[in-house]
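Listed below, chain by chain, are the residues.
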Amino acid sequence: MLPPLIRIDLSIATPVYRQIVDAVRTHLVDGAFAPGDHLPPVRQLAMDLGVHFNTVAEAYRILAEEGWLDLKRRRGALVLRRGVPRPADPAAAMLFARRLRELVAEVRAAGVTRPRILRELLLVAKGLEA
């Protein structure tokens, strides 16, 4: 199986390991990787992305702490079956709302139009219904 596309942007303030975590988590949530699948080995993904292997290793460790991956030496990163997440506490819901508003403000400041933002938000919302 070919790994889904992961892109990093060295020109933004978000650390590379965080970009990798976010991209892989998105693929996991979207079902691009199924339980039992192996993610690309740390060194291979690092070479593909042109980053240090410790950067990818840190991203995989974070995903393992979140319950997405089982990390074993010589076996790599195995995607785990996750149960239904428990309902978010009110603080997590407030954090989500704040981060979403901040993201919208950031992209508006970068010149993304309101109609484009709305289209993207609707696409995300439609994906949640599936």
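Higher on the page you've got the structure.
Everything quoted here is computed from the prediction, not taken from an experiment.

Rules used throughout
Residues numbered from 1 in each chain as written. Predicted model: local features only at pLDDT ≥ 70, side-chain atom pairs only at ≥ 80, totals over all residues. Heavy atoms only, no water. Buried < 20%, exposed > 50% of the residue type's maximum accessible area, 1.4 Å probe, protein only. Helix = DSSP H or I, 4+ residues; strand = E, 2+ residues; numbered from the N terminus. Arc of directions from axis to C-beta. Contact = heavy atoms within 4.5 Å. Salt bridge = Lys/Arg side-chain N within 4 Å of Asp/Glu carboxyl O.

I would appreciate a short explanation of helix α2 (residues 42–49) in the present structure.
Two residues of an α-helix separated by three or four positions point the same way, owing to the 3.6 residues in each turn. All of the buried residues along α2 are L45, A46 and L49. Buried residues of α2, viewed axially, fall in a sector of 105°; they line one side. Facing away from the buried side of α2 by more than 90 degrees, the exposed set consists of R43, M47 and D48. Against α1 (16–30) and α3 (53–65) lie the buried residues of α2. Two residues or fewer past α2, G50 is found with a positive phi of approximately 75°.

Just to check I follow, could you spell out the pattern of salt bridges for this structure?
For side chains bearing opposite charge, pairing can occur when the charged atoms are close. Scanning the entire structure with this criterion turns up seven salt bridges. Of the charged contacts, one joins D22 and R18 as a salt bridge, the two residues approaching to 3.8 Å between their closest N and O atoms. One end of the pair, D22, and the other, R18, are both in helix α1, four residues apart, so they sit about a helical turn from each other. Taking the relative accessible area as the measure of exposure, R18 reaches 26% and is therefore partly exposed. For the salt bridge of K72 with D70, the shortest nitrogen-to-oxygen distance reads 3.6 Å. What makes K72 partly exposed here is its relative accessible area of 44%. Connected through shared salt-bridge partners, R18, D22, R25 and E66 make up one network.

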